[in-house]
Amino acid sequence: MKSLHRLAACALLTCAVLFNPAPSSHVQGQDKPLKVLLVAGGCCHDYATQTKLLKEGIEKRINAEVTVEFNPSKTTGTRFEIYESDDWAEGYDVIVHDECSASVTERPYVNRILAAHRAGVPAVNLHCAMHSYRWGDFRNPVEIGAENAGWYEMIGVQSTGHGPQSPIEVNYTAPNHPITKGLVDWTTINEELYNNIRVFGNTEVLATGDQMQAPRKRDLQANPDAKPKSAMAVVVWTNLYGPNKTKIFSTTLGHNNETVGDDRYLDLLCRGVLWATDNLNAQE
């Protein structure tokens, strides 16, 4: 009987290790918390809730301190006071861009953001960050070095829009990459699949998303017999940006609170944070 009790205890301990890893389990050689700046706010999302989900989710999983720069503005013109300073990123190990500021086009403002990343500060870009800081003929593929290409070059993928919300099948196409190693394909709740207008040369695709998109009202107006269609796009990737090959991690997933709070999403995000800061143990 005692042996059975010991066997049961060992099984429970094994489950605890597998499903509730210590916060530092993915960190190698890190002796102090990562300083993470989370910038969030703008149009179309519940950033007040998502900032809490992200901060709690990151700090629960890895050795990190998350500082939140939140603007409650709900417009595409949302700006952030921290970006008004040339040294805005000083003291942070990584920046998480979760803003939705499509109408902010002031070049000095955007250039200040990009300058920090060109100088070597890593970035993690979430969802609507991909649709921020755009101007000119941004709906067509931008050319490297074009005056409206800077933000896309940092991100590594140019996206301009999305279809209607429905579940996305996330397929990890680089299962041996340090970020995705051990992660399992999954299907989101209703989410937005961002299109891919251009994928830049330093980008490494880690996952694609497949989605069945129901016809929209305008589609049905043009054709009452319109049927759902299948769409596919890159949804997770890395990029090496600028002369210092700054590490950039991005995912277009994360429109709804339920996705942002999903363990699979937060695990992916945290591995991206650790990879970008050279703290992810590639042997895991």
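The structure this text deals with has already been given above.
Quick caveat: nothing in here was measured; it's all calculated off a predicted structure.

(A) Spotlight on the packing of aromatic side chains. Taken as a whole and judged by the stated rule, the model has five aromatic pairs. Both rings, one in Phe80 and one in Tyr83, keep their centres 5.9 Å apart while their planes meet at 75°; by these two values the pair is edge-to-face. Relative to Tyr133, the ring of Tyr109 has its centre 6.2 Å away and its plane inclined at 55°; by these criteria the two rings are tilted. Remark: Tyr133 occurs in the loop between strand 4 (123-126) and helix 4 (150-155) and Tyr109 occurs in helix 3 (residues 107-118); sequence separation between them is 24 residues. For the pair formed by Tyr109 and Tyr133, the shared burial category is buried. Within the aromatic cluster, the residues linked to one another by ring pairs are Phe80, Tyr83, Trp88, Tyr109, Tyr133 and Trp151.

(B) Structural view of the sheet that holds strand 11 (residues 246-251). Strand order across the open sheet formed by nine strands is 2-1-3-4-11-10-9-6-7, with mixed pairing between neighbours. The open sheet is flanked by strand 2 (64-71) and strand 7 (186-191), the only strands paired with a single partner. Adjacent strand axes in the sheet meet at a mean angle of 20°, parallel and antiparallel pairs treated alike. In the sheet, strand 6 (residues 166-172) pairs with strand 9 (residues 204-213) via four bridges, with the strands oriented antiparallel. Bridged to Asn171 within strand 9 is Thr208. Where helix 2 (residues 47-61) meets the sheet, its contacts fall on strand 1 (34-42), strand 2, strand 3 (94-100) and strand 4, and the angle it forms with strand 2 comes to roughly 170°. Lying over the sheet, helix 7 (residues 263-276) contacts strand 1, strand 3, strand 4, strand 6, strand 7, strand 10 (229-241) and strand 11, oriented at roughly 170° with respect to strand 11.

The rules we used
- Residues numbered from 1 in each chain as written.
- Predicted model: local features only at pLDDT ≥ 70, side-chain atom pairs only at ≥ 80, totals over all residues.
- Heavy atoms only, no water.
- Phe/Tyr/Trp six-rings, centres within 6.5 Å; stacked < 30°, edge-to-face > 60°.
- Helix = DSSP H or I, 4+ residues; strand = E, 2+ residues; numbered from the N terminus.
- Buried < 20%, exposed > 50% of the residue type's maximum accessible area, 1.4 Å probe, protein only.
- Pairing = 2+ DSSP bridges.
- Axes fitted to C-alpha atoms, helices over the stretch in contact; angles between N-to-C directions.
- Contact = heavy atoms within 4.5 Å.

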